[in-house]
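Commentary on secondary and tertiary structure
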Amino acid sequence: AQTVTQSQPEMSVQEAETVTLSCTYDTSESDYYLFWYKQPPSRQMILVIRQEAYKQQNATENRFSVNFQKAAKSFSLKISDSQLGDAAMYFCAFPRWVSGTYKYIFGTGTRLKVLA
Amino acid sequence: DAGVTQSPTHLIKTRGQQVTLRCSPKSGHDTVSWYQQALGQGPQFIFQYYEEEERQRGNFPDRFSGHQFPNYSSELNVNALLLGDSALYLCASSLRTGLNQPQHFGDGTRLSIL
């Protein structure tokens, strides 16, 4: 079975500090993408960052970066210089190729609290 | 460029009733996926539509059905509602081709069953 696991139900970080959210996944595929989505209280899921498994370089989007370790099947999200607006639920997602289409598998999420 | 739009925003029903939720995909997208998100949980895949056909289905009973129209918009229908169907229902659109194309989500419909 292909699964996505987020082992941290909740994390807290001081404003301007750095925090890392963990995600592990299981797959037998060799080429795939991984995504981090953010869901603020407004409910809309917003793409934060994506990583292609074949790329050696970790993806970076401004204050957001990933630590992708393919062999370990680990895909963590690092948020630098945390801001109050970063407070949200964060979901790791894996698009699984099944019968000619992609089916997204989401983790259970990590609630990030940012302390002023 | 309009993103994914869902209607209604919030809906209250009673057990046994039927409900229809609607979704318009982001401009240029041809694939629509529906998810159920229970409180405090991650989204669970219900099904996906492309070319007006259901292409993939998650572990949901036949009470959950859908439709996609020629303009790519989609409906999610749930019959014989149960208390456990109370959740946020998310619609996501994407392009069928391209693993690197992320899904774009709407704001969701909050369904409450009394």
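That block above? That's the structure.
What counts as what
Residues numbered from 1 in each chain as written. Chains lettered and ligands numbered in written order. Predicted model: local features only at pLDDT ≥ 70, side-chain atom pairs only at ≥ 80, totals over all residues. Heavy atoms only, no water. Helix = DSSP H or I, 4+ residues; strand = E, 2+ residues; numbered from the N terminus. Polar contact = N/O pair within 3.5 Å; in protein donor to acceptor, adjacent residues only side chain to side chain. Contact = heavy atoms within 4.5 Å. Disulfide = S-S within 2.5 Å. Buried < 20%, exposed > 50% of the residue type's maximum accessible area, 1.4 Å probe, protein only. Salt bridge = Lys/Arg side-chain N within 4 Å of Asp/Glu carboxyl O. Core = buried A, V, L, I, M, F, W, Y, C linked by side-chain atoms within 4.5 Å.

One can find A:Glu52 in strand S6 (residues 46-52). One polar contact links A:Glu52 to A:Tyr33, side chain to side chain, over a distance of 3.2 Å.

Bringing the environment of A:Thr5 into the picture now. Residues and elements named next belong to chain A. Topologically, threonine 5 is positioned in strand S1 (residues 4-5). Distance from threonine 5 to cysteine 23, taken between C-alpha atoms, is 5.7 Å for residues 18 residues apart in sequence. Apart from the residues within four sequence positions on either side, threonine 5 is in contact with Ser22, Cys23 and Thr24.

Evaluation of the coordinates by the stated rule reveals 2 disulfides over all chains. The disulfide that involves A:Cys23 links it to A:Cys92, with 2.0 Å between the sulfurs. On the S-S bond that ties A:Cys23 to A:Cys92, the torsion sits near -65°, and the link is left-handed. Taken together, the residues span a long stretch of sequence, with A:Cys23 in the loop between strand S3 (19-21) and strand S4 (24-25) and A:Cys92 in strand S10 (residues 88-98) at a distance of 69 residues. Note on A:Cys92: relative accessible area 0%, which makes it buried. A sulfur-sulfur distance of 1.8 Å marks the disulfide that ties B:Cys23 to B:Cys91.

The subject of this paragraph is the pattern of salt bridges. Following the criterion strictly, the structure yields 8 salt bridges over all chains and no others. Put simply, A:Arg63 and A:Asp86 hold a salt bridge, and the shortest N to O gap is 2.8 Å. Taken together, the positions of A:Arg63 in the loop between strand S7 (60-61) and strand S8 (64-69) and A:Asp86 in the loop between strand S9 (74-79) and S10 put the pair 23 residues apart, joining distant regions of the chain. Judged by its relative accessible area of 2%, A:Asp86 falls in the buried class. Of the charged contacts, one joins B:Arg22 and B:Glu75 as a salt bridge, the two residues approaching to 3.4 Å between their closest N and O atoms. Note that B:Arg22 is positioned in strand S3 (residues 19-24) and B:Glu75 in strand S8 (residues 74-78), a separation of 53 residues in sequence.

Our focus in this paragraph is the nonpolar core. Ranked by size, the top nonpolar core spans 26 residues in total, and within it A:Trp36, A:Phe75, A:Leu77 and A:Tyr90 carry the most contacts. Among the elements of the structure, S3, strand S5 (33-39), S6, S8, S9, S10 and strand S12 (110-115) of chain A are those that each provide at least two residues to this core. The contacts of A:Phe75, once residues within four sequence positions are left out, are A:Ser22, A:Cys23, A:Tyr25, A:Leu34, A:Phe35, A:Trp36, A:Gln51, A:Val66, A:Asn67, A:Phe68 and A:Cys92. B:Cys23, B:Val32, B:Leu76 and B:Val78 belong to the second-largest nonpolar core, a separate cluster that totals 20 residues.

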